[in-house]
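# Structural features, examined
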Amino acid sequence: MTIKRRIKISNNLMIVLPMLLTLVLGGIFSLIIIRVVGIDPRPMIADRYHIPLLFLAFLLTVVYFTNRALTRYVFRGIITPIDILVNGVHEIRDGNLEFRIDYGQKDEFAAVCADFNEMAQRLSDMVNRQQREESGRRELIAGISHDLRTPLTSIKAYLEGLEKGVATSPEMQEKYLDTIKRKTSDLEYTVNQLFLFSKLDTGNFPFHLDEVDIGRELRCFVDGHEKEYGEKGLSLLFTKNVESVYVEMDVVQFRNVIMNVLDNSVKYNDHERAEVTLECRQEGGEVRIAITDNGPGVREEALAKLFDVFYRSDASRSDPSRGSGLGLAIAKKIIERLGGAIGAENASGGGLAIEITLPIIRQGDNL
């Protein structure tokens, strides 16, 4: 039996039972009077009691129609919200995940409708996330196919050149072999990056966490790599640092993050010499590390995609020297595993600023 049918039956009983009870009690009361007083009721009913009987009939009529009106009011207050909820469920079932219930009443159904809207929002977010992940997987496969096929094609072409005797002189043969070695190295690098990303993505990559003085670690990194990046045409400049601020990190992987960012600054810089400034400051319970270059920056609509796997500003991927597009995706995975966050924005003075946020675990030199 449906809820609507149960409500109708209960409402009808609410009308019928009071009327029957009134008639039964009236009859019992009349019998008591007749038995005790000994009065013949027939002439009295005909002569003197027609007014009370009419009043009783009027009273029963008022009870009937009043109950019907109140029943309809109560019935509408229950069934209407149920119909609204049923309609909402049908909309979600039919794939309209953007549908929301607009319920303006302040009753018990308001909380139910609010929960329905929250459920619909969570379901919509989950479906959108799955669609993004599916799109990301397709892009991942396409990116892998392209970035592996390019060096393999070159290796195959140069090997065929050696096999068919195209390289006739020792100098040309050496040049062909050097190219094969370089392409093989590029291929190995891409495979290693992909392996690292897959391990980080599944959470199977081991991290060796230690308490690290972040200011000292950044200073050691700059001192140790300043000459190396100087030879690549990149100048490193420290503008601000913190002291005795400790974070928990895997030093090796954190350095990989910084190197990935700096390598991008070298690859994409359009100046004669690239310049990068590093700034580390404390904000509340976090440290913020800003790495800003003097490059061309990135289109505003592309900023949110910088950390997507295999994303490159070179959409055609025609320039393999600019990497596979895995570097910043790996950097994001590493920073998130360290409990932090990483983002990008165009610097006010031009160039791109990568900002890394890490939680502070303690301050000061005392343990």
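Please refer to the structure placed before this passage.
The structure contained in this document is the topic of the report that follows. (Residues numbered from 1 in each chain as written. Predicted model: local features only at pLDDT ≥ 70, side-chain atom pairs only at ≥ 80, totals over all residues. Heavy atoms only, no water.)

Further remarks concern the overall build of the protein. Secondary structure assignment for the protein yields eight helices and seven strands. A total of 367 residues make up the protein; the buried ones form 33% of that total. A separation threshold of at least 6 residues defines the contact pool for the protein, and within that pool the share at least 24 residues apart is 68%. For the protein, the exposed area adds up to about 23,200 Å²; of that, 57% sits on carbon and sulfur atoms. (Helix = DSSP H or I, 4+ residues; strand = E, 2+ residues; numbered from the N terminus. Buried < 20%, exposed > 50% of the residue type's maximum accessible area, 1.4 Å probe, protein only. Contact = heavy atoms within 4.5 Å. Areas by Shrake-Rupley, 256 points an atom, 1.4 Å probe, with all protein chains shown as cover.)

All right, on to the packing of helix α7 (residues 251-268) against helix α8 (residues 327-337) then. Angle between the axes and distance between the axes: these two values describe a pair of packed helices. The geometry of α7 relative to α8 is characterised by a closest axis approach of 9 Å and an angle of 150 degrees between their N-to-C directions. Relative to α8, α7 is oriented roughly antiparallel. With respect to the hand of their crossing, α7 and α8 are arranged in left-handed fashion. Contacts from Gln253, Phe254, Val257, Asn260, Val261 and Asn264 in α7 reach Gly327, Leu328, Ile330, Ala331, Ile334 and Ile335 in α8. (Axes fitted to C-alpha atoms, helices over the stretch in contact; angles between N-to-C directions. Parallel < 35°, antiparallel > 145°, perpendicular 65-115°, else oblique. Left-handed = near helix turned anticlockwise from the far one by under 90°.)

For Phe195, the location among the structural elements is in helix α5 (residues 170-202). Here Phe195 falls in the exposed class, since its relative accessible area comes to 51%. Spatially, the C-alpha atoms of Phe195 and Phe205 are 9.9 Å apart, while their sequence positions differ by 10 residues.

Looking now at the side chain of Asn260. Among the secondary structure elements, Asn260 is positioned in helix α7. Exposure remark for Asn260: the relative accessible area of 12% places this residue in the buried category. Excluding residues within four positions of it along the chain, Asn260 makes contact with Tyr189, Gln193, Gly327 and Ile330.

Moving on: the packing of aromatic side chains. Applying the stated criterion across every chain yields a total of two aromatic pairs. Arranged with centres 4.9 Å apart and planes meeting at 90 degrees, the rings of Tyr158 and Tyr176 form a pair that is edge-to-face. Taken together, the positions of Tyr158 in helix α4 (residues 108-163) and Tyr176 in helix α5 put the pair 18 residues apart, joining distant regions of the chain. A relative accessible area of 29% places Tyr158 in the partly exposed class. When its relative accessible area of 14% is taken as the criterion, Tyr176 is described as buried. Consider the rings of Phe205 and Phe207, whose centres lie 5.9 Å apart with planes at 85 degrees: the pair is edge-to-face. Each member of the pair Phe205 and Phe207 is classed as buried. Lying across the ring of Tyr246, Arg362 places its NZ or CZ 3.9 Å from the centre. (Phe/Tyr/Trp six-rings, centres within 6.5 Å; stacked < 30°, edge-to-face > 60°. Lys NZ or Arg CZ within 6 Å of the ring centre and 35° of its normal.)

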